[in-house]
There are 2 protein chains.
Amino acid sequence: MKEIPYKIYLEESELPKQWYNVRADMKNKPAPLLNPATLKPMGFEDLRPVFCDELIKQELDDTTPYFDIPEEILNFYKMYRPAPLVRAYFLEKALDTPAKIYYKFEGNNTSGSHKLNSAIAQAYYAKKQGLKGVTTETGAGQWGTALSMACSYFGLDCEVYMVKVSYEQKPFRREVMKTYGASVTPSPSDKTAVGRKILKEYPGTSGSLGCAISEAVEAATSKEGYRYVLGSVLSQVLLHQTVIGLEAKTALDKYHIKPDIIIGCAGGGSNLGGLISPFVGEKLRGEADYRIIAVEPASCPSLTRGKYVYDFCDTGMVCPLAKMYTLGNGFIPSANHAGGLRYHGMSSILSQLYEDKLIEAVSVEQTQVFDAAVQFARVEGTLPAPESSHAIRIAIDEALRCKETGEEKTIVFGLTGTGYFDMVAYEKYNSGNMSDYIPTDEDLAKGFATIPQL
Amino acid sequence: MKEIPYKIYLEESELPKQWYNVRADMKNKPAPLLNPATLKPMGFEDLRPVFCDELIKQELDDTTPYFDIPEEILNFYKMYRPAPLVRAYFLEKALDTPAKIYYKFEGNNTSGSHKLNSAIAQAYYAKKQGLKGVTTETGAGQWGTALSMACSYFGLDCEVYMVKVSYEQKPFRREVMKTYGASVTPSPSDKTAVGRKILKEYPGTSGSLGCAISEAVEAATSKEGYRYVLGSVLSQVLLHQTVIGLEAKTALDKYHIKPDIIIGCAGGGSNLGGLISPFVGEKLRGEADYRIIAVEPASCPSLTRGKYVYDFCDTGMVCPLAKMYTLGNGFIPSANHAGGLRYHGMSSILSQLYEDKLIEAVSVEQTQVFDAAVQFARVEGTLPAPESSHAIRIAIDEALRCKETGEEKTIVFGLTGTGYFDMVAYEKYNSGNMSDYIPTDEDLAKGFATIPQL
């Protein structure tokens, strides 16, 4: 058997040429999006004012198992892919565990995360449709940066509504976006009607992804030649992100490695969905079995403490309704440093998989997450993003469990990005000023009260 | 012939196992370091109070062509190497040039640059000698970060004196260093006698690498179990950095690519020296010919406007004298955003190669550098460090020259790092507030006046 290198980089010829649509293999399909006005499933024409045509087709298609990746996107992928599958030899040694730990590292690009995988796809289809530009929201700033890069590449205008807490905590993120030619507005803002309404209702709010989505959708639909694009949650985004899982699987297969546990952080679900899709596909087809764990912050626990119901995708209640695990569209999570994991809901694909017990979920507190982040940084060299560090925390916990039991399990986790723009959070942790926020049942009840009664 | 991929990643088995000492092939050897007290060449015993024993041996050895890389260092290299050799297809297309452009990218690690290549070597030898810790200076913060990572890996104490202008411009850099357990002091500081003296002479100074070196040396020699380590200039550092050039050459040879022009930015010379050593070796042995270009900032033009004489390596005049191109140890460069290129002198190896016309040098102004940086970021995806962008500027200029002449030259440049911690500089550029600083002849005369008359 070939010796397993520290980093497995696939050859260009081994890179995926198609995205995999896990819905095609799901017996229980994710529930359709509903039109908020009619409460009927949304069709192609309903979605056209908001989304690009080709992306709507991908969104609605739950039967086609594979979609060809267009040549232009394959080319762009070569700019920063293949992303390595790294054997965490150093971490294993530090933990003194018999477990074998691998991580798929998506941070080797300027956006600092996996978000670029879908950003370039969405920008491509917008360009192909002859649009002038796109609008979007961003939490931690990774999606906004990724979209700025993608739009710059295709010469598209890019308007970003950035969750206010991240806008303030990550001043340098907005400068990266500007370097790539994007405009960046802290959300909620007074630039949109929905922003003004939210500001009036919740003065001094630090914002949320839900608010920012409402603003970006309004901005897109109120002028000619623009569409809205979203960096997570949607099924189209999970589709694009399967490039992560497909590459990971090819790399594992190449070295005859069979994972026992697959772990990913979950905010809206794009990284986790992308990573696990090909593995879930095998489970669904009865070809293999894996433990799959979604890790979410204790401060925004949509899977572990949410309800599986129809809810609005945004706080402003202008977007379609999705059936998903949700804390309520009005849930505003307490401030934490994983801005990318502050969404009130969860991808409808992942929600259905969780409901069907094909995946598990756990929640973790942020100080424990940063303990893991710093331990990882010191031995593996890469300073991880707070979001990614949720997965690291559970990977370490599982590896330590193996140490107790003596089991040589193989653990694969998604290291979605780097924390170079998260030094405010690290400073807080380093200086001992970081605390944990867990919503009380009362807090949750307030959020649940905002879920529409259909 | 094999198609050339966007990124050439060597296999682990192809990675260099030895560093290459270019001095062994130089007919005119770099002049020896002189003891500032006796003006005699410094021997092993003279250097022992300041440097680690094994590193002194490497520093003084100008005849051994290859040094085995210790196993522990080879292992650590696997954490973040191989660094890819990237074909800049996107940049070529944007420039519409017949030139073929490649860059060796050293930024895929948390220190964000090539500095880690020598940091880990120096930390290893310090540990092997049973020391408690090391002290150092850092300009842009990349070296300090790299050393923090390396010291954390070996459990060594790490004290960093950071040039004040960088300390202020890059607050997040110090947080990265702290995350890796280092202590960071802005220089000049009142913690050392030499710092207090400099502060008194130049109140309000934004500092320089020369000052910070003096402070770090004093800190190392004034307590038990510490030694000083340096991230550039020294021949030992260039030796470690040859891993860049050796990997680049292996990758080029693998695809039968022969460069015409090799370009690197030059501050103290570690990146450039590391990149070009194997190629200069071929020139020296008459096996091949290349144009080699050192690029320095117009604000600190040691090669293009300096003198080739003996000078102190530090502003405090406590370090040995080196024969090098220098602007004078008292030269304080005007503020610019390439903190890593603000050193008054230049590696004695590179100085001798330049004197012998084996390499060329040019200087560039920082607004032009940032023009190139942003152009590169937008098409190649990676947001480059200001330092590295000096090389990009000249690579683009040479490629545009090829466009005029129709020549299909092959250009290789060193992309030493990423600019994720340089967003203050990008903000200045994006907002149109960046200006250029070129020292007048009078400014230079003031610096030259600080060169000792031997």
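Residues numbered from 1 in each chain as written. Chains lettered and ligands numbered in written order. Predicted model: local features only at pLDDT ≥ 70, side-chain atom pairs only at ≥ 80, totals over all residues. Heavy atoms only, no water.

## Re the overall build of chain A
Secondary structure summary: chain A contains 18 helices and 15 strands in total. For chain A, whose C-alpha radius of gyration is 20 Å, the value lies close to the compact-globule estimate of 22 Å for 454 residues. Dimensions along the principal axes, computed over C-alpha positions, put chain A at roughly 60 × 50 × 45 Å. A buried classification covers 67% of the 454 residues belonging to chain A. At a minimum sequence separation of 6, the contacts of chain A that also span at least 24 residues come to 76%. Total accessible area on chain A is roughly 14900 Å²; 49% of this is exposed by carbon and sulfur atoms. Across chain A, 48 positive and 55 negative side-chain charges occur, with their mean positions spaced 2 Å apart. (Helix = DSSP H or I, 4+ residues; strand = E, 2+ residues; numbered from the N terminus. Rg over C-alpha atoms; globule rule 2.2 N^0.38 Å. Buried < 20%, exposed > 50% of the residue type's maximum accessible area, 1.4 Å probe, protein only. Contact = heavy atoms within 4.5 Å. Areas by Shrake-Rupley, 256 points an atom, 1.4 Å probe, with all protein chains shown as cover. Lys, Arg positive; Asp, Glu negative; His and termini not counted. Charge placed at Lys NZ, Arg CZ, Asp CG, Glu CD.)

## A closer look at the relation of the copies chain B and chain A
Overlaying chain B on chain A yields an RMSD of 0.0 Å, the required transformation being a rotation through 180 degrees with an accompanying axial translation of 0.0 Å. These values place the two chain copies in the arrangement generated by a two-fold rotation axis. By residue overlap, the copies meet face to face through one surface: 100% of the interface positions of chain B are interface positions in chain A. (Least-squares fit on C-alpha atoms with pLDDT ≥ 70 in both.)

## A few points about the sheet that holds strand E9 (residues 226-228) of chain A
Residue and element names in this part refer to chain A. Judged by pairing direction, the sheet is parallel, and its four strands sit side by side in the order E8-E7-E6-E9 without closing on themselves. The open sheet has two free edges, formed respectively by strand E8 (183-187) and E9, since each of these has just one partner strand. Sheet twist, expressed as the average angle between the axes of neighbouring strands with direction ignored, equals 20 degrees. Note: strand E7 (residues 157-163) against E8, five bridges, orientation parallel. Bridged to Val 163 within E8 is Ser 187. Sheet strands touched by helix H6 (residues 142-154): strand E6 (133-138) and E7. Its angle to E6, the strand with the most contacts, is close to 165 degrees. Along the sheet face, helix H8 (residues 171-179) touches E6, E7 and E8 and points at about 175 degrees away from the line of E7. (Pairing = 2+ DSSP bridges. Axes fitted to C-alpha atoms, helices over the stretch in contact; angles between N-to-C directions.)

## Examining the packing of aromatic side chains
In this structure the tally under the stated criterion is 43 aromatic pairs over all chains. Ring geometry for A:Phe172 against B:Phe172: centres 5.2 Å apart, planes inclined by 50 degrees, an arrangement best described as tilted. With A:Phe172 in helix H8 and B:Phe172 in helix H8 (residues 171-179), this residue pair bridges two chains. Look at A:Phe172 and you get buried, because its relative accessible area is 14%. The interplanar angle of 45 degrees and the centroid separation of 5.9 Å between the aromatic rings of B:Phe51 and B:Tyr228 together place this pair among those described as tilted. Here B:Tyr228 lies in strand E9 (residues 226-228) and B:Phe51 lies in the loop between helix H1 (44-47) and helix H2 (53-60), a separation of 177 residues in the sequence. Summarising the burial analysis for this pair, B:Phe51 and B:Tyr228 share the class buried. Members of the aromatic cluster, connected to one another through ring pairs, are A:Tyr6, A:Tyr89, A:Phe90, B:Phe76, B:Tyr77, B:Tyr80, B:Tyr124, B:Tyr125, B:Tyr153 and B:Phe154. (Phe/Tyr/Trp six-rings, centres within 6.5 Å; stacked < 30°, edge-to-face > 60°.)

## Some thoughts on the packing of helix H3 (residues 71-80) of chain B against helix H5 (residues 116-128) of chain B
All names here are of chain B. For the pair H3 and H5, the least separation of the axes is 10 Å and the interaxial angle reads 150 degrees. With respect to their mutual orientation, H3 and H5 come out roughly antiparallel. Here the hand of the crossing between H3 and H5 comes out right-handed. Across from Glu 72, Ile 73, Phe 76, Tyr 77 and Tyr 80 in H3, the residues of H5 making contact are Leu 116, Asn 117, Ile 120, Ala 121, Tyr 124 and Tyr 125. The class makeup of the residues in the contact of H3 with H5 is nine nonpolar, one polar and one charged. (Parallel < 35°, antiparallel > 145°, perpendicular 65-115°, else oblique. Left-handed = near helix turned anticlockwise from the far one by under 90°. Nonpolar A, V, L, I, M, F, W, Y, C, P; charged D, E, K, R; others polar.)

## Some words on the sheet that holds E9(B)
All names here are of chain B. Spatial ordering of the open sheet is given by E8-E7-E6-E9, a layout of four strands whose pairing is parallel. Each of the sheet's edge strands pairs with one partner strand only, and the pair in question is strand E8 (183-187) and E9. Averaged over all pairs of adjacent strands, the angle between their axes in this sheet comes to 20 degrees, without regard to strand direction. Summarising the sheet, strand E6 (residues 133-138) and strand E7 (residues 157-163) pair through six bridges and their orientation is parallel. Across the sheet, Glu 137 pairs through a bridge with Tyr 161, a residue of E7. Sheet strands in contact with helix H6 (residues 142-154) are E6 and E7, and its direction is about 165 degrees off that of E6. Across the sheet, helix H10 (residues 209-221) is in contact with E6, E7, E8 and E9; its angle to E6 comes to roughly 170 degrees.

## Let's talk about the packing of H8(A) against helix H17 (residues 423-430) of chain B
In contact at an axis separation of 9 Å, H8(A) and H17(B) are set at 45 degrees when each is read in the N-to-C sense. The orientation of H8(A) with respect to H17(B), classified from their angle, is oblique. Two packed elements cross with a definite hand, and for H8(A) against H17(B) that hand is left-handed. Contacts between H8(A) and H17(B) involve A:Phe172, A:Glu175, A:Val176, A:Lys178 and A:Thr179 from the first element and B:Met423, B:Val424, B:Tyr426, B:Glu427 and B:Asn430 from the second. Split by residue class, the contact of H8(A) with H17(B) holds five nonpolar, two polar and three charged.

## Things to note about the nonpolar core
Looking at soluble globular proteins, one finds that nonpolar side chains tend to be buried together. Counting residues in each nonpolar core, the largest one holds 244 residues, and the members touching the most others are A:Trp19, A:Ile263, A:Phe413, B:Trp19, B:Ile263 and B:Phe413. If we ignore the near neighbours within four places in the chain, the residues touching A:Phe413 are A:Ile101, A:Tyr102, A:Tyr103, A:Lys104, A:Ile263, A:Leu275, A:Phe376, A:Ala391, A:Ile392 and A:Ala395. (Core = buried A, V, L, I, M, F, W, Y, C linked by side-chain atoms within 4.5 Å.)

## Side note on unusual backbone geometry
Residues and elements named next belong to chain A. The residue after Ser 187, namely Pro 188, is reached through a cis peptide bond having omega 0 degrees. Its place among the elements puts Pro 188 in the loop between E8 and helix H9 (193-201). With a phi angle near 60 degrees, Lys 357 is a residue other than glycine that sits in the positive phi range. One can find Lys 357 in the loop between helix H14 (348-355) and strand E14 (360-364). Using a relative accessible area of 71% as the deciding quantity, one classes Lys 357 as exposed.

## Quick word on the interface of chain B and chain A
On the side of chain A, 41 residues touch chain B, which itself brings 41 residues to the contact. Together chain B and chain A conceal approximately 3900 Å² of surface at their shared face, both sides included; 60% is due to carbon and sulfur atoms. Summed over the shared surface of chain B and chain A, the number is zero salt bridges. The interface formed by chain B and chain A includes 20 residue pairs in polar contact (both at pLDDT 80 or more). Elements represented by at least two residues in the side of chain B that touches chain A include exactly H3, H6, H8, helix H15 (366-380) and H17 of chain B. Tallied by class, residues from the side of chain B that touches chain A come to 21 nonpolar, 10 polar and 10 charged. (Buried area = accessible area lost by both parts, 1.4 Å probe. Salt bridge = Lys/Arg side-chain N within 4 Å of Asp/Glu carboxyl O. Polar contact = N/O pair within 3.5 Å; in protein donor to acceptor, adjacent residues only side chain to side chain.)

## Re empty space enclosed by the protein
What the rule picks out here adds up to 13 cavities of 30 Å³ or more. For the largest cavity, the calculated volume is near 350 Å³. Among the secondary structure elements, those contributing two or more residues to the lining of the largest cavity are helix H3 (71-80) and strand E5 (100-105) of chain A together with H3 and strand E5 (100-105) of chain B. Looking at the lining of the largest cavity residue by residue, the classes come out as 17 nonpolar, 14 polar and four charged. (1 Å grid on protein atoms, 1.4 Å probe; cavity = no way out; pocket = protein on both sides within 12 Å on 5 of 7 lines; lining within 4 Å. Points joined across faces, edges and corners; volume = space filled by probe spheres on them.)

## Points about the state of the cysteines
Counted by the stated rule, this structure contains zero disulfides over all chains. Here A:Cys211 stays unpaired: no disulfide links it, and the sulfur of A:Cys319, its closest cysteine neighbor, is 12 Å away. Of the residues examined, A:Cys211 reaches a relative accessible area of 0% and is grouped as buried. With no disulfide partner, B:Cys319 has as its closest neighbouring cysteine sulfur the one in B:Cys313, 6.1 Å distant. (Disulfide = S-S within 2.5 Å.)

From the geometry alone we can't say anything about function, so treat these as descriptive.
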